[in-house]
Amino acid sequence: MKNIVTKAYSLLKKSPAEPDHSKRSFMGGVVGAAGLTIAPGVMLYQTAAAKPADQPVTDEVRWGMLVNVDACTEDCTACVDACNDEHGLWPDPESMTDSQWIRKLKVTDTQTGNSKTFPVMCQHCEHPPCVDVCPTGASFKRADGIVLVNMHTCIGCRYCMMACPYKARSFVHEDLHDQLPDSPRGKGCVESCNMCVHKLDAGEGTTACAQACQKDGHQAITFGDLNDPQSEISQRLKSYGGAQIRADLGLNTGVRYQGL
Amino acid sequence: MKMTTTVRVLLVSLILLLPLAAAESSKIPPPKGDQCVEETEWMRVHHFETILHQRDETVKKGIRTTKHSLKNCISCHITANDAGVYARYSDKEQHFCASCHEYTAVTIDCFHCHSDRPEEAVRESIEKYQKDGQHPHHVTHSSTSDLILNSKLLTAQ
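No experiment lies behind these values; they were computed from the predicted model shown.

**Some points on the overall build of chain A**
Across its full length, chain A holds eight helices and nine strands. Across the 260 residues in chain A, those meeting the buried criterion constitute 43%. Counted over contacts in chain A with a minimum sequence separation of 6, partners at least 24 positions apart contribute 64%.

Here's what the structure looks like:
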């Protein structure tokens, strides 16, 4: 387990793929230090808060998530349960092939015996390998950074599952019944975390897992706009940093881990 | 010999008229509201075009206007019957979409993935399964077998 989690603070610091890094320096050069903190923040916040239903999503927002690994407790599955309920996954403990959109991992340092537990889901990469390999274009990245499967064009070849370094995707092997209206899913398609797009498009600005974690009092998951320097997630990333799993791949993930 | 032919003709006519009779005697619960988002006559012919157009807009661009969304179709057209039950797509008599698709011999696969009932009805079913100790995905409904049977019949014809 340990080898898939790379401590990469030094890499992160130098990585050109860090969220918004190049954009911020560019903006800084153009508008100057005073404009940097106010003008982009205000503009982006308005876009994130209320997108009219008839307008397409834009790249002014990039949705991301920061998981505080130290606040995540081993016996809690609130995020996983909330995801299952939100998307109607109804997992069957007896099935070997049930879909997992989010799961809890436990990693142990074999030298010190120190264990950490945290949720892993689709990392919503800026350069997603699943999109690169998809033969039909069904795997795609939305303008706001969410990586999705267009199930209308997915042929179920599972190339994306092999390409994903995070094992974040699942294939539906059996006929399904009683799917929920906001999460259509069916046999023969690959699926994964969609960052609750239906909630984001409705302007809720959060995900089921983040809400559940807040409600449970752990507050380990911060969800927000990585492009907005004033957002809580950007502020937390600035203060505490956030490691990427397998940062060496240079995928610039939208999901970051604090304390890993 | 003559009698047999007459009986045969009668039987064939009866079989041909059966779907019509079934459609007329069906009890589809009334939809919500007085007026569909488009003219009924136009919708009968073109509803799938609007749904097809909107699906790409929604999946790729996040455009979620309700006027032509499948979710909106379902939330208005699929209502509870007198017994408080929401018909599944497998119910060819009471499900609004299924009744007409059955009559016109159209086989679609929207409802393999998309919900055939409003969310409250699905959640209600799930609660019932959980009370009965069943698993939602392992409960056998006739929908899938019906679809397979239909496609087999169509191939045979």
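**Some words on unusual backbone geometry**
Residue and element names in this part refer to chain A. The backbone phi angle of Asp178 is positive, close to 60°, even though this residue is not glycine. When you line up the elements, Asp178 lands in the loop between strand E6 (170-171) and strand E7 (190-191). Owing to 21 C-beta atoms within 10 Å, Asp178 belongs among the buried residues under this scheme.

**Concerning the environment of Ile74 of chain B**
Relative to the elements of secondary structure, Ile74 of chain B occurs in helix H3 (residues 70-77). For Ile74 of chain B, a count of 24 C-beta atoms within 10 Å puts it in the buried group. Note: C-alpha distance between Ile74 of chain B and His53 of chain B (21 residues apart in sequence) is 17 Å. Setting aside residues no more than four positions away along its own chain, Ile74 of chain B makes contact with Pro181 of chain A together with Ser115, Asp116, Arg117 and Pro118 of chain B.

**Section: the packing of helix H3 (residues 78-87) of chain A against helix H7 (residues 208-215) of chain A**
All names here are of chain A. With their axes 8 Å apart at the nearest point, H3 and H7 run at an angle of 135° to one another. In terms of orientation, H3 and H7 fall into the oblique class. Both H3 and H7 take part in a crossing whose hand is right-handed. Residues Ala78, Cys79, Asp81, Ala82, Cys83 and Glu86 of H3 pack against Ala208, Cys209, Gln211, Ala212 and Cys213 of H7. Its residues assigned to classes, the contact of H3 with H7 comprises eight nonpolar, one polar and two charged.

**A short note on the sheet that holds strand E8 (residues 221-225) of chain A**
Residues and elements named next belong to chain A. With mixed pairing, three strands are arranged side by side in an open sheet as E8-E1-E9. The two strands at the open ends of the sheet, each matched to only one other strand, are E8 and strand E9 (255-258). Strand-to-strand, the axes of this sheet are offset by a mean angle of 20°, without reference to chain direction. Pairing between strand E1 (residues 63-68) and E8: five bridges, direction antiparallel. If you follow Met65 over to E8, its bridge partner there is Phe223.

**Details of the nonpolar core**
Judged by nonpolar contacts, the single largest core of 60 residues is most densely connected at Val67, Cys79, Cys83, Cys209 and Ile221 of chain A. When sequence neighbours within four positions are dropped, the list of residues in contact with Cys209 of chain A reads Cys79, Ala82, Cys83, Ile102, Pro119 and Ile221 of chain A. Tyr86, Ala87, Phe96 and Ala121 of chain B belong to the second largest nonpolar core, which has 15 residues in total.

**Quick word on the confidence of the model for chain B**
All names here are of chain B. Averaged over every residue, the pLDDT of chain B is 80; the share at 70 or more is 71%. Of the regions scoring below 50 in pLDDT, residues 18-24 engages in four contacts with residues more than four places distant in sequence or in other chains. Scored as a whole, the predicted complex attains pTM 0.78, and scored at its interfaces, ipTM 0.78.

What counts, and at which threshold
- Here the residue numbering is sequential within each chain, running from 1 through the sequence in written order.
- Going through the entries in the order they are written, you letter the chains from A and number the ligands from 1.
- Local features in this predicted model are restricted to residues whose pLDDT is 70 or higher, and side-chain atom pairs enter the listing and the counts only when it is 80 or higher, whereas totals over whole chains, interfaces and linings include all residues.
- The helix and strand labels rest on DSSP assignments: H or I over at least four residues marks a helix, E over at least two residues marks a strand, and numbering proceeds from the N terminus.
- Exposed residues have 12 or fewer other C-beta atoms within 10 Å of their own C-beta, buried residues have 20 or more, and residues in between are partly exposed; the C-beta atoms are placed from the backbone.
- Residues are scored as being in contact if the C-beta atoms we place from backbone atoms lie within 7 Å.
- In this analysis, axes come from line fits to C-alpha atoms, helices being fitted only over the stretch in contact, and the angle between any two N-to-C directions falls in the range 0 to 180 degrees.
- Should an angle fall under 35 degrees it is called roughly parallel, over 145 degrees roughly antiparallel, and 65 to 115 degrees roughly perpendicular, with every other angle called oblique.
- Note on convention: the crossing is left-handed when the near helix lies turned anticlockwise from the far helix by less than a right angle, right-handed when the turn is clockwise.
- Here the term charged refers only to Asp, Glu, Lys and Arg, the term nonpolar to Ala, Val, Leu, Ile, Met, Phe, Trp, Tyr, Cys and Pro, and the term polar to all other amino acids, Gly among them.
- Only when DSSP finds a minimum of two bridges between them are two strands counted as paired.
- In this usage, the nonpolar core is the set of buried Ala, Val, Leu, Ile, Met, Phe, Trp, Tyr and Cys residues whose C-beta atoms join them within 7 Å.
- The pLDDT value expresses, per residue, how confident the predictor is, ranging between 0 and 100.

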